[in-house]
Amino acid sequence: MTFSRLIGALALVLAFQFSAPSVASADEVLDWNTIAIRTTQAPPTALPGQVQPRSLAIVHASIFDALNGIERRYEPIHVDDPAPRRASRRAAVVQAAYRALVNMFPGQAAALDADLATSLAAITDSAEAIQRGRDWGDQVALAILAWRQIIIPSPPSPYVGSTDVGKWRPTPPLFLPGGTPLLGTLPTFVIPSASTFRPAGPPPLSSSKYAKDFNEVKLVGDIESAVRTADQTESASFWASSRPAAVWNRAAQSASLREHLNLSKNARLFALLNMAAADSALTAWDSKYHFSNWRPITAIRLADTDSNPLTTADPGWTPLIVTPPYPDYYSGHQSISGASQEVLTAFFGKKMGFEAFSEGLPGVLRSWDSFSEAADEANLSRIWAGIHFRFAQTDSRIVAEKIAQYVLKHAAQPLD
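Per chain, residues are indexed from 1 in the order of the written sequence. In keeping with the model being predicted, local features are shown solely for residues with a pLDDT of at least 70 and side-chain atom pairs are shown and tallied solely at 80 or more, while totals for entire chains, interfaces and linings include all residues. Each side-chain value is worked out from all heavy atoms of the structure, with water and hydrogens disregarded.

### A short note on the overall build of the protein chain
Inference 1: Counting from the N terminus, the helices are the DSSP runs of H or I reaching at least four residues and the strands are the DSSP runs of E reaching at least two. Across its full length, the protein chain carries 14 helices and two strands.
Inference 2: This radius of gyration counts C-alpha atoms alone. The globule rule is 2.2 Å times how many residues there are, raised to the power 0.38. In summary, the protein chain has a C-alpha radius of gyration of 22 Å against a globular reference of 22 Å for 416 residues, a match within 12%.
Inference 3: In terms of overall dimensions, the protein chain has C-alpha extents of about 75 × 50 × 40 Å along its principal axes.
Inference 4: Of the contacts made within the protein chain by residues no fewer than 6 positions apart, 80% connect residues no fewer than 24 positions apart.
Inference 5: Carbon and sulfur atoms make up 56% of the accessible area of the protein chain, which totals about 16400 Å².
Inference 6: Counting 36 positive and 38 negative side-chain charges, the protein chain places the averaged centre of each group 2 Å from the other. Contact criterion: two residues are considered in contact whenever any of their non-hydrogen atoms come within 4.5 Å of each other. Note that accessible areas follow from Shrake-Rupley with a 1.4 Å probe, and for residues the cover is restricted to the protein chains shown. Counted as positive: Lys and Arg. Counted as negative: Asp and Glu, with His and the chain ends omitted from the count. The atom standing in for a charge is NZ when the residue is Lys, CZ when it is Arg, CG when it is Asp and CD when it is Glu.

In structure tokens:
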């Protein structure tokens with residue numbers, strides 16, 4: 001990476017992470033998307049990557065229904081009540097986003113209050129219209145929160161999987177129990193349920209397919225792999241240190257600005273994007289704990305138990321990236337990336353490129369020629385990282401795209 005490219009990457013990080021809402025942009029959907037990403041990632045209440053899409057979907061469903069209730073261009077997502085007459089569109093968007101975020105993250109109220117004041121100060125509608133818009137935005141956001149708030153049930157005991165061959169068990173170095181095992185039981189936004197698109201499952205341990213994918217990740221995902229390139233290593237670290245929903249929301253912002261989308265189109269874009277990602281993440285978690293497939297680190301160290309003559313055990317094998325504490329099949333990361341790229345491709349086409357940074361890898365800026373290419377890299381990065389088999393990645397991508405297509409056909413449809 002050149003020095004100028006490094007400076008550009010750092011500037012982009014600072015611009016997204018620390019800027020206040022841009023009054024000049026005059027698009028409150030984009031402003032509050034930036035605020036929502038910051039809020040969902042701010043310590044000490046930062047959300048894990050698999051939960052972030054749900055919070056963003058709540059924010060953007062609130063924004064969409066608040067704006068759409070005034071304009072009535074699309075079918076509502078949830079709130080079908082009539083908006084008050086002469087309510088400010090922009091104030092409704094701002095207040096809906098604010099109310100959703102401050103109710104989910106009350107510890108960040110001071111920062112959100114400042115964001116709210118900045119946004120409201122830029123609205124030139126009458127005081128009465130602004131107040132009506134704010135009242136309506138509150139009403140919509142509270143209805144969306146009641147409908148799809150984030151309450152993940154706690155299991156009766158920690159999920160420790162099974163010692164059966166092929167099944168997930170806690171992985172080194174921390175041997176943590178399975179994370180958020182009941183996430184897949186939450187109600188979805190658009191698809192009927194998290195099990196609707198459940199795939200057939202991983203290949204049999206005795207199969208040549210399993211052996212092929214086993215040997216691939218064993219070779220390229222090893223922490224000391226001699227075949228993994230420097231770029232693949234950087235990619236693995238980039239995506240492992242990123243919350244994928246944040247990367248894809250920023251990509252959507254960049255595309256929106258390039259195509260000059262208006263407030264209404266942005267509200268619909270970000271609602272569909274985040275609901276597709278949220279429903280896809282729930283489907284991934286349903287599959288993870290339904291199949292409970294072991295991770296590569298367990299499979300490789302215990303390969304002498306899998307009855308497959310094409311696999312060989314390596315008791316000391318260690319992946320490049322520390323294995324996350326939940327089952328392999330299938331990939332939660334790719335479920336979000338696969339769904340997101342499908343929505344963005346539907347909106348902007350197959351040839352729109354973008355750049356992205358990762359908060360966990362300062363100074364690194366990666367670029368792609370299309371949304372699909374970025375998702376392809378994110379897909380492969382989990383194999384290069386040594387934490388997923390290829391079959392888990394491939395099946396995740398297929399299902400994620402089906403979910404995105406379903407969301408695009410069944411949510412926020414034009415009224416005409």
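Having seen the structure, we can now continue with the description.
### Considering the environment of Arg 295
Inference 1: Tracing the backbone shows Arg 295 in the loop between helix H10 (263-291) and helix H11 (296-301).
Inference 2: Under the relative-accessibility criterion, Arg 295 is labelled buried at 1%.
Inference 3: Spatially, the C-alpha atom of Arg 295 lies 46 Å from that of Arg 73, the residues being 222 residues apart in sequence.
Inference 4: With near-sequence residues (within four places) excluded, Arg 295 lies in contact with Trp 168, Thr 171, Lys 288, Thr 323, Pro 324, Tyr 326, Pro 327, Asp 328, Ile 387, His 388 and Phe 389.
Inference 5: Identification of polar contacts relies on pairs of N or O atoms within 3.5 Å, with a donor-acceptor requirement for protein atoms, meaning one able to donate a hydrogen and the other able to accept it, and with residues adjacent in sequence counted only if both atoms are side-chain atoms. There is a polar contact of 2.7 Å between the side chain of Arg 295 and the backbone oxygen of Tyr 326. For the exposure calls, accessible area comes from a 1.4 Å probe over protein chains only, and a residue counts as buried if that area is under 20% of its type's maximum, exposed if over 50%, partly exposed in between.

### Remarks on the pattern of salt bridges
Inference 1: Each salt bridge in this description consists of a side-chain nitrogen of Lys or Arg and a carboxyl oxygen of Asp or Glu lying within 4 Å of one another. Counted under the stated rule, the structure contains 16 salt bridges.
Inference 2: Of the charged contacts, one joins Glu 71 and Arg 89 as a salt bridge, the two residues approaching to 2.6 Å between their closest N and O atoms. Here Glu 71, found in helix H3 (residues 52-71), pairs with Arg 89, found in helix H4 (residues 89-104); they are 18 residues apart in sequence, far enough to count as distant.
Inference 3: Owing to a relative accessible area of 18%, Glu 71 belongs among the buried residues under this scheme.
Inference 4: A salt bridge links Glu 377 to Arg 366, with the shortest nitrogen-to-oxygen separation between them at 2.9 Å. Here Glu 377 is found in helix H13 (residues 371-384), whereas its partner Arg 366 is found in strand E2 (residues 365-368), with eleven residues between them in sequence.

### Things to note about helix H12 (residues 332-348)
Inference 1: Helix length check: H12 (17 residues) gives 24 Å between terminal C-alpha atoms against 24 Å at 1.5 Å per residue, within 8%.
Inference 2: Of all 17 residues making up H12, 15 are buried, and the element is well covered by its neighbours.
Inference 3: With a side-chain oxygen positioned 3.4 Å from the backbone nitrogen of His 333, the residue opening H12 is Ser 331. Expected helix span is taken as 1.5 Å per residue step, with the number of steps being one fewer than the number of residues.

### Quick look at the nonpolar core
Inference 1: In this structure, Trp 32, Leu 101, Trp 248, Leu 344 and Phe 371 are the most contacted members of the largest nonpolar core, which totals 122 residues.
Inference 2: Considering every element that reaches this core, the biggest residue donor is H10, with 17 residues.
Inference 3: With near-sequence residues (within four places) excluded, Trp 248 lies in contact with Trp 239, Leu 273, Ser 337, Ser 340, Gln 341, Leu 344, Phe 354, Phe 371, Ala 374 and Ala 375. Only buried residues count toward a nonpolar core. Its members are Ala, Val, Leu, Ile, Met, Phe, Trp, Tyr and Cys residues joined through side-chain atoms within 4.5 Å.

### With respect to the environment of Ser 119
Inference 1: Tracing the backbone shows Ser 119 in helix H5 (residues 109-121).
Inference 2: The spacing of Ser 119 and Asn 293 is 174 residues in sequence and 47 Å in space, taken between C-alpha atoms.

Purely geometric stuff here, so don't read any function into it on its own.
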